[in-house]
Amino acid sequence: MNTSKCAILGAPAVGKTTLLKLLEGKDITGQYIPTQGFDRGAIKMGKNSTAVCWDFGGQAAFYEFWKQYILGSDVIVVVTDSTPVNVLQTKQLIEWAKRLTEDDDCNIIAVANKQDIPGAMSAERVANLLGVPAYPLVATDPDNQEKMYAILKQCLKRK
Ligand SMILES: Nc1nc2c(ncn2[C@@H]2O[C@H](COP(=O)(O)OP(=O)(O)O)[C@@H](O)[C@H]2O)c(=O)[nH]1
Ligand SMILES: [Mg+2]
């Protein structure tokens, strides 16, 4: 069995847990329950491969505390809610993640979530500002499951 590791990072309430549920094919209630500590979900990627996704709760400043858990990730998915303020905060998080993983073979991507909210920054702009590939998403829409699954698969394959 081949297991890869995916870390989902981002500020509170941007949609990390919703993204994990979407990938797992679980029901999305729309209710906001702040993640205590972290959640983990195993996503089947193929006959003999699984991606374990870690969804970390807490403020960005707290990530220093999670460092040991984030190390060894094959892919880091940084989620933003696509508001200008959050995208700028996310830039710092990406820079931190890049430093953390500079000796590792780790892909860092961004998800420009909450594209359904008026004024959301486009994924292209988010990608330009953050300097990593960014994918547009409405994590609360279960129709986006396949799309996100394909993106995760692609990121793991690129390794
Ligand atoms: N409008 C909208 N709301 C979303 C979207 N994704 C997540 N949410 C909502 O945002 C809130 C926070 O989501 P959650 O996944 O718990 O955020 P987390 O703190 O990053 O884990 C919840 O009420 C979600 O239903 C989205 O794409 N669009
Ligand atoms: Mg959460």
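Parameters and conventions
- Residues numbered from 1 in each chain as written.
- Chains lettered and ligands numbered in written order.
- Predicted model: local features only at pLDDT ≥ 70, side-chain atom pairs only at ≥ 80, totals over all residues.
- Heavy atoms only, no water.
- Donors = N, O, S within 2.8 Å, 3.2 Å for Na, K, Ca; no water.
- Helix = DSSP H or I, 4+ residues; strand = E, 2+ residues; numbered from the N terminus.
- Buried < 20%, exposed > 50% of the residue type's maximum accessible area, 1.4 Å probe, protein only.
- Pairing = 2+ DSSP bridges.
- Core = buried A, V, L, I, M, F, W, Y, C linked by side-chain atoms within 4.5 Å.
- Contact = heavy atoms within 4.5 Å.
- Near = heavy atom within 4 Å.
- Polar contact = N/O pair within 3.5 Å; in protein donor to acceptor, adjacent residues only side chain to side chain.
- Areas by Shrake-Rupley, 256 points an atom, 1.4 Å probe, with all protein chains shown as cover.
- Nonpolar A, V, L, I, M, F, W, Y, C, P; charged D, E, K, R; others polar.
- Axes fitted to C-alpha atoms, helices over the stretch in contact; angles between N-to-C directions.
- Parallel < 35°, antiparallel > 145°, perpendicular 65-115°, else oblique.

K.L.:
Now, about the coordination of the magnesium ion (ligand 2): what can you tell me, with residues and values included?
P.N.:
Thr17 (OG1) and Thr35 (OG1) make up the full set of protein donors to the magnesium ion (ligand 2), lying at 2.0 Å. Placement of Thr17 in helix H1 (residues 16-24) and of Thr35 in the loop between H1 and strand E2 (38-46) is noted, with a sequence separation of 18 residues between them. Taking the relative accessible area as the measure of exposure, Thr35 reaches 18% and is therefore buried.

K.L.:
Any details on the pairing of strand E1 (residues 2-9)? Residues and values, ideally.
P.N.:
Buried residues dominate E1, accounting for six of its eight residues. Pairing analysis gives seven bridges linking E1 to strand E3 (residues 49-56), with the strands arranged parallel. Considered in E3, the bridge of Cys6 is made with Cys53. Here E1 runs beside strand E4 (residues 75-80); their pairing, made up of four bridges, is parallel. Within E4, the position partnered with Ala7 by the bridge is Ile76.

K.L.:
Go over the nonpolar core, please, and point to the residues and values.
P.N.:
Within the largest apolar cluster, 26 residues are counted, with the highest numbers of intra-cluster contacts made by Leu9, Phe56, Tyr63, Ile70, Ile76 and Trp96. For this core, the secondary-structure elements that each account for two or more residues are E1, E3, helix H2 (63-70), E4, helix H3 (84-100), strand E5 (107-112) and helix H4 (123-130). Ranked by residues supplied to this core, first place goes to H3 with six residues. Leaving out residues up to four positions away in the same chain, Leu9 has contacts with Lys16, Phe56, Tyr63, Ile70, Ile76, Val77, Val78, Val79, Leu93 and Trp96. Core analysis: the second largest hydrophobic core is formed by 24 residues, Ala51, Val111, Leu137 and Leu152 among them.

K.L.:
Account for unusual backbone geometry, naming residues and giving values.
P.N.:
Although it is not a glycine, Ser82 sits at a positive phi angle of roughly 70 degrees. Relative to the helices and strands, Ser82 is located in the loop between E4 and H3. Under the relative-accessibility criterion, Ser82 is labelled buried at 1%. Of note, Lys114 is a non-glycine position whose phi angle comes to about 60 degrees, a positive value. Structurally, Lys114 can be placed in the loop between E5 and H4. Judged by relative accessible area, Lys114 falls into the partly exposed class, the value being 25%.

K.L.:
Account for the site of ligand 1, naming residues and giving values.
P.N.:
Around ligand 1 sit 18 residues in total, of which Ala13, Lys16, Thr17, Thr18 and Asp116 are the nearest. At 3.3 Å from an oxygen atom of ligand 1 is found a main-chain nitrogen or oxygen belonging to Val14. The fraction of the free accessible surface of ligand 1 (580 Å²) that becomes covered by protein chains is 88%. In terms of residue class, the shell around ligand 1 is made up of eight nonpolar, seven polar and three charged.

K.L.:
Please give an account of the packing of H1 against helix H5 (residues 145-157) that cites residues and values.
P.N.:
Contact pair H1 / H5: the axes reach a minimum separation of 8 Å and the direction vectors enclose 95 degrees. What the angle tells us is that H1 and H5 run roughly perpendicular. The residues of H5 that touch H1, namely those facing Leu19, Leu22, Leu23 and Glu24, are Gln145, Met148, Tyr149 and Leu152. Class assignment of the residues belonging to the contact of H1 with H5 gives a composition of six nonpolar, one polar and one charged.

K.L.:
Break down the sheet that holds strand E6 (residues 134-136) for me, citing the residues and quoting the values.
P.N.:
Taken in spatial order, the six strands make up an open sheet running E2-E3-E1-E4-E5-E6, and their pairing is mixed. In this open sheet, the two edge strands, each paired with only one partner strand, are E2 and E6. Recorded for the sheet is a direction-independent mean angle of 25 degrees between the axes of neighbouring strands.

Purely spatial values, then, with no claim about function.
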